[in-house]
Amino acid sequence: MSKIEKVLASGKTHTLVSGPGDRVDIRLSSPGDANPAHVFSAIQAHPTAEQLFAGAWSACYILALGLAAKQNKVALPADLSVDIQVDLGQTGKAYFIQARFDVRVPGVAQEVADAIAHAAHDICPYSKAVHGNIDVALNVVT
């Protein structure tokens, strides 16, 4: 697996589980703006491929966190969130993507939160699809 030497573009998401039925609320950042509040209008640019991938991955991953927690009999906090940044980059003449996860699990013991966050990667189909193919950094904050 190659590491990116130069980041060319990034897509960021902030994902929460909102309400009954595990509906997922995803906010996308606008290109060049770190604030996660993308509004689709005729005058703004559409989301980048990196944002769309990060959004789909974060929706899948946050639900996988719920499954991992349930399997381990751990109650997740209402303010659980996942931030994913997917970067498009270059090493030499080759192009790659990489991802950085910030998982916030307030009120859960660090070792328990770490275990659930790692288990969620074993459940999430997006995580499985990229496993061993791209660099993925995981940061769990309690």
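Once a new chain begins, its residue numbering starts again from 1 and follows that chain's sequence as written. Under the rules for a predicted model, residues below a pLDDT of 70 receive no local features and side-chain atom pairs below 80 are neither given nor counted, while totals for whole chains, interfaces and linings still include all residues. Side-chain numbers come from the whole structure's heavy atoms, not from hydrogens or water.

K.L.:
I'd like a description of the pairing of strand S4 (residues 94–104), backed by residues and values.
P.N.:
If DSSP finds at least two bridges between two strands, the strands pair. Elements are defined by DSSP. Helices are runs of H or I of four residues or more, strands are runs of E of two residues or more, and each kind is numbered from the N terminus. Where strand S3 (residues 81–91) meets S4, 11 bridges bridge the pair, whose relative direction is antiparallel. For Gly89, the partnering residue across the bridge sits in S4 and is Phe96. Connecting S3 to the next strand, S4, in antiparallel fashion are two residues, including Gly92 with a positive phi near 65°. Bridge count for S4 against strand S5 (residues 135–141) is seven bridges, and the pairing is parallel. Across the sheet, residue Arg104 finds its bridge partner in S5, namely Val141.

K.L.:
Got a sec to walk through the packing of helix H1 (residues 49–71) against helix H2 (residues 110–123)? Specific residues and values, please.
P.N.:
Angles run from 0 to 180 degrees between N-to-C directions of axes, and those axes are lines fitted to C-alpha atoms, restricted for helices to the stretch in contact. As a packed pair, H1 and H2 sit with axes 8 Å apart at the nearest point and diverge in direction by 115°. Of the possible angle classes, the one that applies to H1 and H2 is roughly perpendicular. The hand of the H1/H2 crossing is right-handed. Here Tyr61, Ala64, Leu65, Leu67, Ala68, Ala69 and Gln71 of H1 lie close against H2, whose contacting residues are Ile116, Ala117, Ala119, Ala120, His121 and Ile123. Each residue gets one label: Ala, Val, Leu, Ile, Met, Phe, Trp, Tyr, Cys and Pro are nonpolar, Asp, Glu, Lys and Arg are charged, and the others, such as Gly, are polar. For the contact of H1 with H2, a count of residues per class yields 11 nonpolar, two polar and no charged. Should an angle fall under 35 degrees it is taken as roughly parallel, and over 145 as roughly antiparallel, whereas 65 to 115 is taken as roughly perpendicular and any remaining angle as oblique. Handedness of each helix crossing follows the sense of rotation of the near helix against the far helix: counterclockwise by less than a right angle gives left-handed, clockwise gives right-handed. Contacts between residues were defined by any pair of non-hydrogen atoms, one from each residue, lying within 4.5 Å.

K.L.:
With reference to specific residues and values, describe unusual backbone geometry.
P.N.:
One non-glycine residue, Lys73, lies in the positive phi region at around 55°. Here Lys73 is to be found in the loop between H1 and S3.

None of the figures reported here should be taken as evidence of function without further support.
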